[in-house]
Amino acid sequence: MVPPSSGPFLFDTSAESWLGRAEHPSISAWMREYLSHDEIHISAVTVMERVRGYSLLWRRAEKSRQERIEGARVAYLTKLGRVWPVDGAVAVVAGEIMALLPDPPTPPRQSHQLRESRQERLARWRFDAMIAATALVARVPLIHNNAGDFESIRTAIERSPERFPNLGPLDLIRCASLA
Amino acid sequence: MNRKPRFSLPLKKRRTTLTLPADSLTEAQRIARTRRVNLSTVIAEALSEGLRLQTVGERSEEVLESYKKAFSGFSDEEMSILDGVLLESVNRR
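Nothing here was measured: the structure is a model prediction, and the numbers come from that model.

Focus on the sheet that holds strand β5 (residues 114-116) of chain A
The strand order across the open sheet formed by three strands is β4(A)-β5(A)-β1(B), and the pairing between neighbours is antiparallel. Looking along the sheet, the strands with just one partner apiece sit at the ends: β4 (110-111) of chain A together with β1 (87-89) of chain B. Bridge count between β4(A) and β5(A): two bridges; the pairing is antiparallel. By the bridge assignment, Q110(A) is partnered in β5(A) with R115(A).

Now the structure itself:
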């Protein structure tokens, strides 16, 4: 178990929603305890992914459902915690990660009749690199729900420490191990 | 230049009468004697800390409530989209 008081942590996009939706009492208790010490820290990339998602759902939705989606978007944006920018330092580190790992380490997602395009997969991979870079620059552990991608980044950084002077290692925490 | 004031301004205070649980009052008096401060100081500090915790608790609940609103009522596929994973129909490609 990761003590909530040992934060702050940076929350990856899917980790933030997983924890926000979790109904298991131990996860809720962990979140309450964490929030009594720290804000939820996220990357600006997470805000971008999330807002794009709400906007896409809103455009696809029937009129009757659009209000509900807009309400969800507003609820999300109203209580944002600390949002880390993609500044010069993050851009440099993210560029190094992308050069080390130009291709996504895992295949595009798919389910039944649906599939993620290669273009979308590459974009999402690069967003993950920016989020990992943000955690490195902010020197905070990254809570994630995507071991395939982030463990690859961690390993690549460990193998090329000369490209990440005075940074690292990338400290990763899986959502499921929180409580 | 932005200089910090050399002395902080004294907090505005008001006199009031409270009814407190006898045990709490006895404990507060013991702490005041140990620390060699007056009873008002101990009560004020305890109240201040209690109010801070109350505020933190309320803020935590507000954040959790907003997350519930932000993420509830969506299908798994819609949640994927909100997480930045955009899937499209295989037939469309």
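From this point, the narrative continues.
Let's talk about the interface of chain B and chain A
On the chain A side, the residues contacting the 32 residues of chain B number 37 residues. Note on chain B versus chain A: buried area summed over both sides is about 3400 Å², and carbon and sulfur give 58% of it. Looking at the side of chain B facing chain A, the largest losses of area belong to Y67(B), F71(B) and L86(B), adding up to 18% of the total buried there. Counting across the interface, chain B meets chain A through four salt bridges. Notably, a salt bridge pairs D83(B) with R50(A), separated by 2.6 Å at the nearest N-O pair. Here chain B is connected to chain A by 14 residue pairs in polar contact (both at pLDDT 80 or more).

Topic: helix α3 (residues 44-60) of chain A
Residues and elements named next belong to chain A. Across its 17 residues, α3 extends 24 Å between first and last C-alpha, which sits within 8% of the 24 Å expected from 1.5 Å per residue. Among the residues of α3, those classed as buried are V45, T46, V47, E49, R50, G53, Y54 and L57. Looking at where α3 begins, the residue whose side-chain oxygen comes 2.9 Å from the main-chain nitrogen of V45 is S43.

The rules we used
Residues numbered from 1 in each chain as written. Chains lettered and ligands numbered in written order. Predicted model: local features only at pLDDT ≥ 70, side-chain atom pairs only at ≥ 80, totals over all residues. Heavy atoms only, no water. Pairing = 2+ DSSP bridges. Helix = DSSP H or I, 4+ residues; strand = E, 2+ residues; numbered from the N terminus. Contact = heavy atoms within 4.5 Å. Buried area = accessible area lost by both parts, 1.4 Å probe. Salt bridge = Lys/Arg side-chain N within 4 Å of Asp/Glu carboxyl O. Polar contact = N/O pair within 3.5 Å; in protein donor to acceptor, adjacent residues only side chain to side chain. Expected span 1.5 Å × (residues − 1). Buried < 20%, exposed > 50% of the residue type's maximum accessible area, 1.4 Å probe, protein only.

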